[in-house]
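The lines below spell out each chain.
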Amino acid sequence: QVQLVESGGGAVQAGGSLRLSCAASGTLDSPNLVGWYRQAPGKQRSLVALVNNLEMTTYATSVKGRFTISRDNAKNTAYLQMDSLKPDDTAVYYCLFKVVGRDEYWGQGTQVTVVS
């Protein structure tokens, strides 16, 4: 069974950086889509970044230019490099591995807190 384990969250000062990792264990077909979402208290889960199997990326306007999504297919691992963090980035971050037309898997979530 596929399981996604997230790591790298924590608390940082505004302007700092964090790198989130999401490692898949178990048998996993090559995902077509890898992404990161986040959910702040009292708000809906929203898209942060996506990368497809052609390395095309999509970013939320609020993070464009500050965050970078990447994937290491050999390691079945996704990353989210977050630079120039702002208090509004505070949220629980969830990774997504999706095999289009078949399955999708979500990480357990990792807390990111940015203090001013």
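Refer to the preceding data block for the structure.
Values in this document were obtained by computation on a predicted structure and should not be read as measured data. (Residues numbered from 1 in each chain as written. Predicted model: local features only at pLDDT ≥ 70, side-chain atom pairs only at ≥ 80, totals over all residues. Heavy atoms only, no water.)

Asks: Please provide a residue-by-residue account of the overall build of the chain, values included.
Replies: If you tally the helices and strands in the chain, you get zero helices and 11 strands. Counting from the amino terminus, helix and strand elements in the chain follow one another as β-β-β-β-β-β-β-β-β-β-β. Relative to a compact globule of 116 residues, whose C-alpha radius of gyration would be 13 Å, the chain shows 14 Å and is just as compact. Its C-alpha atoms put the chain at 40 × 25 × 25 Å along the principal axes. Here the chain, with 116 residues, has 42% of them falling under the buried criterion. Partitioning the contacts of the chain with sequence separation of at least 6, the portion at a separation of at least 24 is 53%. With an accessible surface of roughly 6,300 Å², the chain has 48% of that area assigned to carbon and sulfur atoms. Put simply, the chain has 11 plus and 9 minus side-chain charges, and the middle of one group is 4 Å from the middle of the other. (Helix = DSSP H or I, 4+ residues; strand = E, 2+ residues; numbered from the N terminus. Rg over C-alpha atoms; globule rule 2.2 N^0.38 Å. Buried < 20%, exposed > 50% of the residue type's maximum accessible area, 1.4 Å probe, protein only. Contact = heavy atoms within 4.5 Å. Areas by Shrake-Rupley, 256 points an atom, 1.4 Å probe, with all protein chains shown as cover. Lys, Arg positive; Asp, Glu negative; His and termini not counted. Charge placed at Lys NZ, Arg CZ, Asp CG, Glu CD.)

Asks: Residues and numbers for the packing of aromatic side chains, please.
Replies: For the structure shown, the criterion picks out one aromatic pair. If you follow Arg45 out to its NZ or CZ, it ends over the ring of Tyr94, 3.9 Å from the centre. We note Arg45 situated over the ring of Trp106; from NZ or CZ to the ring centre the distance is 4.9 Å. (Phe/Tyr/Trp six-rings, centres within 6.5 Å; stacked < 30°, edge-to-face > 60°. Lys NZ or Arg CZ within 6 Å of the ring centre and 35° of its normal.)

Asks: Residues and numbers for the state of the cysteines, please.
Replies: By definition, a disulfide links the sulfur atoms of two cysteines through a covalent bond. One pass over the structure, following the stated rule, counts one disulfide. Each disulfide pairs two cysteine sulfurs, and for Cys22 the partner residue is Cys95, the sulfurs being separated by 2.0 Å. With the S-S bond torsion at 55°, the cross-link from Cys22 to Cys95 turns out right-handed. Of this pair, Cys22 sits in strand S3 (residues 18–25) while Cys95 sits in strand S9 (residues 91–99), and the two are 73 residues apart along the sequence. The residues Cys22 and Cys95 share a single accessibility class, namely buried. (Disulfide = S-S within 2.5 Å.)

Asks: Give a description of the nonpolar core that names residues and reports values.
Replies: Formed by 29 residues in total, the largest nonpolar core has its most connected members in Trp36, Leu80, Met82 and Tyr93. Secondary structure elements with two or more residues in this core: S3, strand S4 (33–39), strand S5 (46–52), strand S7 (67–72), strand S8 (77–82), S9 and strand S11 (110–115). With near-sequence residues (within four places) excluded, Leu80 lies in contact with Leu18, Arg19, Leu20, Trp36, Val48, Ala49, Phe67, Thr68, Ile69 and Tyr93. (Core = buried A, V, L, I, M, F, W, Y, C linked by side-chain atoms within 4.5 Å.)

Asks: Let's hear about the pattern of salt bridges: which residues, and what values?
Replies: Applying the stated rule across the entire model yields four salt bridges. Measuring nitrogen to oxygen at the nearest pair gives 3.0 Å for the salt bridge that ties Glu104 to Lys98. One salt-bridge network, in which partners are shared between bridges, spans Arg38, Arg66 and Asp89. (Salt bridge = Lys/Arg side-chain N within 4 Å of Asp/Glu carboxyl O.)

Asks: Summarise unusual backbone geometry; cite the residues concerned and give the values.
Replies: Of note, Glu55 is a non-glycine position whose phi angle comes to about 65°, a positive value. For Glu55, the position within the fold is in the loop between S5 and strand S6 (57–59). Given a relative accessible area of 54%, Glu55 falls into the exposed group.

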